[in-house]
Amino acid sequence: MSLANLRTHYTSQINPEELGDQKVTVAGWVHEVRDLGGICFVVLRDREGRTQVTMVKKKTEPELLEKARKLVRESVVSITGTVKPEAKAPNGYELIPEEITILNEADSPLPMDTTGKVEAELDTRLDARFIDLRRERTTAIFRIRHEVLRAVRSFLTENGFIEATSPKVVATATEGGTSLFPITYFDREAFLNQSPQLFKQILMSGGLDRVFEIGPIFRAEEHDTRRHLNEATSIDIEASFCDHFDVMEILENMVAYIYEQVIANAADSLAAIGVELKVPVLPFKRVTYDEAIDIVNASSEEKLNWGDDLGTVAEHTIGEHVFRETGESHYFIIDWPTAIKPFYAMPYEDNPILSKGFDMMHRTMELSSGAQRIHIPELLVSRIESQGLDPEGFEFYLKAFRYGMPPHAGWGIGCERLVMTMLGVENIRDVVLFPRDRRRLSP
Ligand code: AMO
């Protein structure tokens, strides 16, 4: 049998008004077998939904009925039958079968329940991701993630950005700050890249003008939290002849566009998760670092000095403050002390203590960092040195600044954090198919 004969329609494509009394073939998993004696129902599930297959004992060939009764849950089958409109069945029809082909029989018991009746632990679900994905809620998350990335690609392409891919195996630490995973590269030590930062800047010297990358970033951070992964997906842009305010505007417009697109294209998936999305109102509030410190110090939770970085508690206090004031979850923190931003962030010309770096925040966590970058090589070298790094290790990068580097700016936003904050998901691992964390290296 040609595999093309195994399926003529997804379950959702069968319109009973159009296809009533016609023959179709559906293929998928045995979701449920309900044998009531005189009548037997088999529910077949595919990616798009469910079909109820109905067999009345008196009207069904005994051999076919026997085969149906013995079907093991979650086995893969292809079923050919006649469409009969039935208001009470899922999608308004039932299938009266004439042939059931078992393509792969499932073992039992299953590693976890797929009906949604028993909620499994996250670890159990991640260990058996192939089964977890058969649950409507899990599939819905990854459909939405797909819509998010599709919206990113179309928004950035429409705005003149070219998609680029930079290497993930690198010779030197990219930015300092976080720890790296060392690997063996033939007879040399190399690292998994923590960010496309240096490469996307080099592309500005190359004249590509506006680039974006959607790709993995690797961070050997030891901490085990609900919002950190050791391998995450970063959406990065870099744009020439732009300052930090220009790219902040691109970022907030992109986030609003993503929300709009998810609402327009993934309504069923949102409903499956029980989320009602609201498009964030533009422009996002700009809170200066000074104001942020004042907000934190006005609360009883924590006291900060000027120059301190903002930790989780502080971020939370500021997020709640902004939410109370604006009713919005997204905002920017701008005008950071140069000393606590990465070496490539441009200091303000008239006040170099402050930098043109920014963070884009959600009420619950940081979503993105960015900056206008330093494009003047001498200044860049001195900033690399003042952060305790060795300019020699950055020679491949610095070279690109000496032969015509335009002023430029950019940002990186974590795809997982974007999706989890959008959906109100508690744990970042829920929005990654196969998360990598301190404990998890398989599957
Ligand atoms: P940063 O280090 O702030 O900036 O990373 C940008 C965004 O990436 C996401 N992210 C993570 N998500 C999950 N787990 C992690 N361990 C993790 N680390 C980062 C966050 C974060 O806000 N080069 C700069 C960007 C730039 O300036 O263009 C950078 O990497 O959402």
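Per-chain numbering applies: the sequence of each chain, read as written, is numbered from 1 onward. Selection of residues for local features in this predicted model requires a pLDDT of at least 70, selection of side-chain atom pairs for listing and counting requires 80 or more, and totals for whole chains, interfaces and linings are taken over all residues. Only hydrogens and water are set aside; all other atoms, that is, all heavy atoms of the structure, feed into the side-chain values.

1. So, the overall build of the chain
Consideration 1: What counts as a helix is a DSSP run of H or I of at least four residues, what counts as a strand is a run of E of at least two, and both are numbered from the N terminus. The helix and strand inventory of the chain stands at 13 helices and 18 strands.
Consideration 2: Along the three orthogonal principal directions, the C-alpha set of the chain runs to about 90 × 55 × 40 Å.
Consideration 3: Sequence-distant contacts, at least 24 apart, represent 64% of the contacts inside the chain between residues at least 6 apart.
Consideration 4: When the accessible area of the chain is evaluated, it comes to approximately 21,200 Å², of which 51% is carbon and sulfur surface.
Consideration 5: For this count, His and the chain ends are skipped, Lys and Arg are scored as positive, and Asp and Glu as negative. Charge positions are represented by NZ for Lys, CZ for Arg, CG for Asp and CD for Glu. Looking at charge distribution, the chain has the averaged site of its 50 positive side-chain charges lying 7 Å from that of its 70 negative ones. Any two residues whose heavy atoms approach within 4.5 Å are treated as being in contact. The accessible surface values rely on the Shrake-Rupley method and a 1.4 Å probe; as for residues, cover is taken only from the protein chains in view.

2. Concerning the site of the ligand
Consideration 1: Taken together, 25 residues surround the ligand, and among them Q197, R219, E366, L367 and S369 come closest.
Consideration 2: In this structure, a nitrogen atom belonging to the ligand sits 2.7 Å away from a side-chain N or O atom of Q197.
Consideration 3: Contact with the protein chains removes 92% of the 620 Å² of surface that the ligand exposes when unbound.
Consideration 4: Of the two site types, the cavity is a set of points on a 1 Å grid over the protein atoms alone where a 1.4 Å probe fits but cannot get out, and the pocket is an open set with protein on both sides within 12 Å along at least five of seven lines, each lined by residues with an atom within 4 Å of a point. The rule for placing a molecule in a cavity or pocket is simple: more than half of its atoms must lie within 2 Å of the grid points. If you map the ligand onto the pockets, it falls in the largest pocket.
Consideration 5: For the shell around the ligand, the secondary-structure elements that each account for two or more residues are α6 (197-205), β11 (231-240), β17 (365-372) and β18 (408-414).
Consideration 6: Per-element tally for the shell around the ligand: the top contributor is β17, with 5 residues. Throughout, the term near means that a residue has one or more heavy atoms lying within 4 Å of the molecule or strand in question. Here a polar contact is recorded for every N or O atom pair within 3.5 Å, except that within protein the pair must consist of a potential hydrogen donor and a potential acceptor, and residues adjacent in sequence are included only if both atoms are side-chain atoms.

3. Observations regarding the packing of helix α9 (residues 289-298) against helix α10 (residues 312-326)
Consideration 1: Orientation of α9 relative to α10, taken along the N-to-C sense of each, is 95°, at an axis distance of 9 Å. As far as their axial angle goes, α10 and α9 are roughly perpendicular. Mapping the contact onto sequence places A292, I295 and V296 in α9 and A314, T317, I318 and H321 in α10.
Consideration 2: In this classification, Asp, Glu, Lys and Arg are treated as charged, Ala, Val, Leu, Ile, Met, Phe, Trp, Tyr, Cys and Pro as nonpolar, and every other residue, Gly included, as polar. When the residues that make up the contact of α9 with α10 are grouped by side-chain class, the tally is 5 nonpolar, 2 polar and no charged. Note on method: axes are straight lines fitted to C-alpha atoms, helices fitted across the in-contact stretch only, with angles between N-to-C directions ranging 0 to 180 degrees. Each angle is binned into one of four classes, with values under 35 degrees roughly parallel, values over 145 roughly antiparallel, values of 65 to 115 roughly perpendicular, and all other values oblique.

4. What to know about the sheet that holds strand β10 (residues 210-218)
Consideration 1: Strands were regarded as paired on the criterion that DSSP finds at least two bridges between them. Read across the sheet, 8 strands follow the order β6-β10-β11-β18-β17-β16-β13-β12 without closing on themselves; strand pairing throughout is mixed. Edge positions in the sheet fall to β6 (162-163) and β12 (285-288), since each has one partner strand and no second.
Consideration 2: In this structure, strand β13 (residues 330-334) lies alongside strand β16 (residues 357-362), joined through 5 bridges in antiparallel fashion. Each residue of the ladder has a partner; that of I334, found in β16, is F358.
Consideration 3: The sheet strands contacting α10 are β12, β13, β16 and β17, and the helix crosses β13 at an angle near 125°.
Consideration 4: With respect to the sheet, helix α13 (residues 415-423) is in contact with β11, β16, β17 and β18, its orientation differing from that of β17 by roughly 135°.

5. A look at the domain arrangement of the chain
Consideration 1: By convention here, the domain bounds are inherited from an automatic or database domain assignment. In terms of domains, the chain is made up of domain 1 (3-104) and domain 2 (132-284 + 328-431).
Consideration 2: Placing a centre on the C-alpha atoms of domain 1 and another on those of domain 2 gives a separation of 47 Å.

6. Some thoughts on the layout of surface pockets
Consideration 1: Size it by volume and the largest pocket reaches roughly 1,300 Å³.
Consideration 2: Looking at the largest pocket, it is lined by 50 residues, and the ones nearest its centre are T178, R219, E221, E366 and S369.
Consideration 3: Going through the elements one at a time, α6, β11, α10, β16, β17, β18 and α13 are the ones with two or more residues in the lining of the largest pocket.
Consideration 4: When residues of the lining of the largest pocket are assigned to their parent elements, the largest contribution, 6 residues, is made by β17.
Consideration 5: Here the residues of the lining of the largest pocket sort into 18 nonpolar, 18 polar and 14 charged.
Consideration 6: Grid points are joined across faces, edges and corners, and a volume is the space filled by probe spheres set on the points. Size it by volume and the second largest pocket reaches roughly 820 Å³.
Consideration 7: Together, 27 residues line the second largest pocket, and R47, E48, G49, T139 and R143 are the ones closest to its centre.

7. So, the nonpolar core
Consideration 1: Among buried residues, the Ala, Val, Leu, Ile, Met, Phe, Trp, Tyr and Cys ones that are joined through side-chain atoms within 4.5 Å form a nonpolar core. Under the scheme applied here, a residue whose accessible area is under 20% of the maximum for its type counts as buried, over 50% as exposed, and between as partly exposed, the area being computed with a 1.4 Å probe on protein chains only. Core analysis: the largest hydrophobic core is formed by 54 residues, its most contacted members being I235, M254, W411, I413 and L423.
Consideration 2: Sequence-distant contacts of I413, defined by excluding residues within four places in its chain, comprise T233, S234, I235, L251, M254, V255, M360, L367, S368 and L418.
Consideration 3: Ranked by size, the runner-up nonpolar core spans 20 residues in total, among them V30, V77, V83 and L95.

8. Some points on the environment of E32
Consideration 1: By the secondary structure assignment, E32 is in strand β1 (residues 23-35).
Consideration 2: What makes E32 partly exposed here is its relative accessible area of 26%.
Consideration 3: Considering only alpha carbons, one finds E32 and R45, 13 residues apart in sequence, at a separation of 8.9 Å.
Consideration 4: When near neighbours in sequence (up to four residues on either side) are disregarded, E32 contacts F41, V42, V43 and R73.

9. Some points on the packing of helix α7 (residues 244-265) against α13
Packed helix pairs are specified by the crossing angle of their axes together with the interaxial distance, meaning the distance between the axes.
Consideration 1: Running from N to C, α7 and α13 cross one another at 60°; their axes reach a closest spacing of 12 Å. Relative to α13, the element α7 lies oblique. For the pair α7 and α13, the sense of crossing is right-handed. On α13, the residues that touch I258, Y259 and V262 of α7 are L418, T421 and M422. What makes a crossing left-handed is the near helix being turned counterclockwise from the far one by less than a right angle; a clockwise turn instead makes it right-handed.

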